[in-house]
Every structure is written in C-alpha cells, then in structure tokens.
Amino acid sequence: MSDPDLSVVICVYTEDRWEDILAAVSSVRAQSYPALETLLVVDHNPALLERLTKEYKETAEGTAVRVLANAGPRGLSAGRNTGIAASYGEVIAFLDDDAVAERDWLRRFAEGYADPKVMAVGGRTMPVWASGRRPDWFPEEFDWVVGCTYKGLPAGRVRVRNVLGGNASFRRTAFDAAGGFATGIGRDGDKRPLGCEETELCIRLTRARPDAVLLIDDRAVIHHRVPEVREHFGYFRTRAYAEGLSKALVARSVGAGKGLESERRYTTRVLPAGVARGLRDALLARPGGAGRAGAIVAGVLTAAGGYVVGSVRARRGGAAFSVAEIQGDPMAEIQGDPMAEVQGDPMAEIQGDPMAEIQGDPMAEVQGGSDG
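Residues numbered from 1 in each chain as written. Predicted model: local features only at pLDDT ≥ 70, side-chain atom pairs only at ≥ 80, totals over all residues. Heavy atoms only, no water.

### Some words on the overall build of the protein chain
Within the protein chain, the secondary structure is distributed over ten helices and eleven strands. Out of the 372 residues in the protein chain, the part that is buried amounts to 56%. In the protein chain, 82% of the contacts between residues at least 6 apart in sequence involve partners at least 24 apart. Counting only carbon and sulfur atoms, one obtains 54% of the accessible surface of the protein chain, whose full area is about 15000 Å². (Helix = DSSP H or I, 4+ residues; strand = E, 2+ residues; numbered from the N terminus. Buried < 20%, exposed > 50% of the residue type's maximum accessible area, 1.4 Å probe, protein only. Contact = heavy atoms within 4.5 Å. Areas by Shrake-Rupley, 256 points an atom, 1.4 Å probe, with all protein chains shown as cover.)

Pasting the structure below:
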C-alpha cells in the first residue's frame, strides 16, 4: 500500500486536560503528511463532549475533526474501539491526549506500510517533565511508567512484539483479523493506572496473522507531558504494581511464554545493567545514582508482586476481559450517539492459545503500558 489514508484517534476524558487536547489536535493538523481526519473520542463526559463539539466544527478547510462519544464501557480500550469503528482511514493512528506529535510523525508511519505484511507501526515517545527536568532518581529503564519509550529498546526502524498504544498505528485489516482492544485489561476509569491492552492486542494479532510484521520507528516522535504527581516515587510504585496486574491478564490471554517473552530479557539484561550504572554513578558521587539503582530493584519487585496477585485473581475467576468485534460503518456520521459505535458481543471471552507461535524478533522489547 502506498500513501495510505490515515485517521488519527485521540481518546479524551477530562476537561482538566483541555489545553493538552487542543495542543494534540494542533500537532496533528500541522503534520507534513496530512491526516484524513482526527477523531476525538470522549469517555463518558457529557460536558467535555459538548465543549469539544462546539470547539471543532467540520469545515472544508484543513483536516476535519470529528467529536464522538465512547460507545462502549468506560475506559481507553472501548474509546479506541469506538474511534476505529467510526474512522475512514486505511490506517488508524493513536495519539495520547496529553502529547504532541512532531511534524513528520504520520509520514514515518505511512512509510512503514510500504510493505504489505506490516500490520502496525509505533514510534518513540519522549517525556516532558512538569518540573522541567527528569528527577535524579528516575531511571530511564522505567520510562514506560510514564508512558514513554524506555532505555533498552533498539534504535532505528525495527521489528518488535508490540507497539506503545499512545504512539502507534495499525492497518485497518489488523482489526478485521484480531478484533479490537480488549476491555478489562487497560485503563477503565478506575484510579489504578493499568495498561498492556496494546500488548495483548499485538500478540493476538500475530497469532491470528502469523505473517504479520510489527515495527517501531524511532523517527516517529511524540512528546508526552508528565504531570508533577507522576514524578514521585509513590506513583512509580503504583504504576509498576498495576503493570504486574495487567501482565497477568495478558499471560492469561496468550500464555505466559509469549506474554512475558520480551520481559524476560528486559529483567535479565537491561535492568541489571541499569542497576550497575546507578551504583557506578553513586561511587562517583553523581546525583541520583543510588536512587536510580534502588528504584529499579523496587520497580521489579513491585511489578512481580502485582503479577503474582493478578495471576491468583485470574485463576480464581476474579478477573475478566473481553474483545469486541469491530463492525462499525465508517460512512455513518457519528455525533455523540452512544449506540452508533462498536458492534459485536462485548462479553465474548478471549480464548488464548498459549502454544500459538508469535512471529517477530523475540529480543525486541515491549514498550510498556499505555499511560493515558
């Protein structure tokens, strides 16, 4: 496919991010490779839906912005599914509502789809710290905690197991093959910062399409705002624990062998190297060295604890998730009708085959959980 039409989906949920939302949309409108459309999917917030509908009225000038209501249950996965069902593009790109994309973001995505086997292309997400600089104690190896690309990923355009949901694109046929994002894994309006819905989707996709290629291109760059509350160790610990809970659900869906394939290398090679660097910096009296080493150890232990708890809950039947089939009519104009979006059986259980082969580079890392 050459020069594909791209739709951009931005899921939003709070007026507290009003300026961030406007900036995200402006960055899409400024792309060197124009988007066919931008879809703002509002997650069960009538006031925000009304305000955005007034702000963006479709005109003949520039890139169209369409404002939709999340048609499914509260949460990021259902919001993304709503956007997919309503979109027109051959490729659907996703951008976090508190991020801005560099000018060639969509161009780099489009280039990746020259190979018809490519089903997804992700990019590099850079943190923008509210304090103006990275906290001394915060290890780059754990930047996935704040929804960003972490230290240890390969450079360039490379094949990976999964892409990062807040900076990613998928060929429309990927959803025909695998269904939409699973609800019950990622963020769903709960206070706990869950994630991994894009990880589960990507593994499910390569199970359904063994020839599928998934890429990251570190030239497709977005800048993700990290609020002050997420610069503290309390959030770091909470997010690591939630990641463990989410990984347990992924393993339940696709089997621990594939669900934790990339994480094994991450914990046995990338993180020990990070601890060693932190200790070296501490010996050289460099700021934050001991803190970074300690944070890595604490993050691993906390995520492992979350995984154990999540696994026990899953075995006891206390955790459930489902995948909706994407059957939306992109020609139907949707303006906040909660019944117009994703069709399918939202209660359909995923039947993961733990023996299914996943194509791709087993040494490529997972890009963390979505940090909406």
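### What about the nonpolar core?
V8, I10, L40, L52, L95, W105 and L106 are the most contacted members of the largest nonpolar core, which has 37 residues in total. It is helix 1 (residues 18-29) that provides the largest number of residues to this core, a total of six residues. Other than its neighbours up to four places away in sequence, L95 contacts V8, V9, I10, C11, A24, S27, V28, W105, G166 and I222. Membership of the second largest hydrophobic core comes to 29 residues, among which are A86, V163, F170 and C202. (Core = buried A, V, L, I, M, F, W, Y, C linked by side-chain atoms within 4.5 Å.)

### Considerations on the pairing of strand 10 (residues 213-226)
For a regular strand, side-chain orientation follows a simple rule: the groups alternate between the two sheet faces. Most of strand 10 is tucked away, with ten of its 14 residues classed as buried. Pairing geometry for strand 5 (residues 99-101) and strand 10, over three bridges, is antiparallel. Note that in strand 10 the partner of A99 across the bridge is H224. As judged from the ten bridges shared by strand 6 (residues 118-129) and strand 10, these two strands associate in the parallel manner. (Pairing = 2+ DSSP bridges.)

### So, the pattern of salt bridges
Taken as a whole and assessed by the stated rule, the structure comprises 22 salt bridges. Salt-bridge contacts for R108 lead to E111; the nearest nitrogen and oxygen are separated by 3.3 Å. With R108 and E111 both in helix 4 (residues 105-112) and three residues apart, the pair spans about one turn of that helix. Across the pair R219 and D217 runs a salt bridge whose closest N-O atoms are separated by 2.8 Å. Residue class for R219 comes out partly exposed when judged on its relative accessible area of 38%. You can call D217 buried: its relative accessible area is 0%. (Salt bridge = Lys/Arg side-chain N within 4 Å of Asp/Glu carboxyl O.)

### Observations concerning helix 4
Of all eight residues in helix 4, six are buried; the element is thus mostly enclosed. Among the residues making up helix 4, those that are buried are W105, L106, R108, F109, A110 and G112.

### A look at the confidence of the model for the protein chain
Here the protein chain averages 83 in pLDDT, and 77% of its residues register 70 or above. Confidence drops under a pLDDT of 50 for residues 329-372, and excluding neighbours within four residues, the segment shows 155 contacts in the predicted structure. (pLDDT = per-residue confidence, 0-100.)

### A look at the pairing of strand 4 (residues 91-95)
The buried fraction of strand 4 amounts to five of the five residues, a majority that puts the element mostly inside the structure. Alternating positions in strand 4 separate into two faces, V91, A93 and L95 on one and I92 and F94 on the other, with burial throughout. Note: strand 1 (residues 6-12) against strand 4, four bridges, orientation parallel. When the bridges of strand 4 are listed, V8 appears paired with A93.

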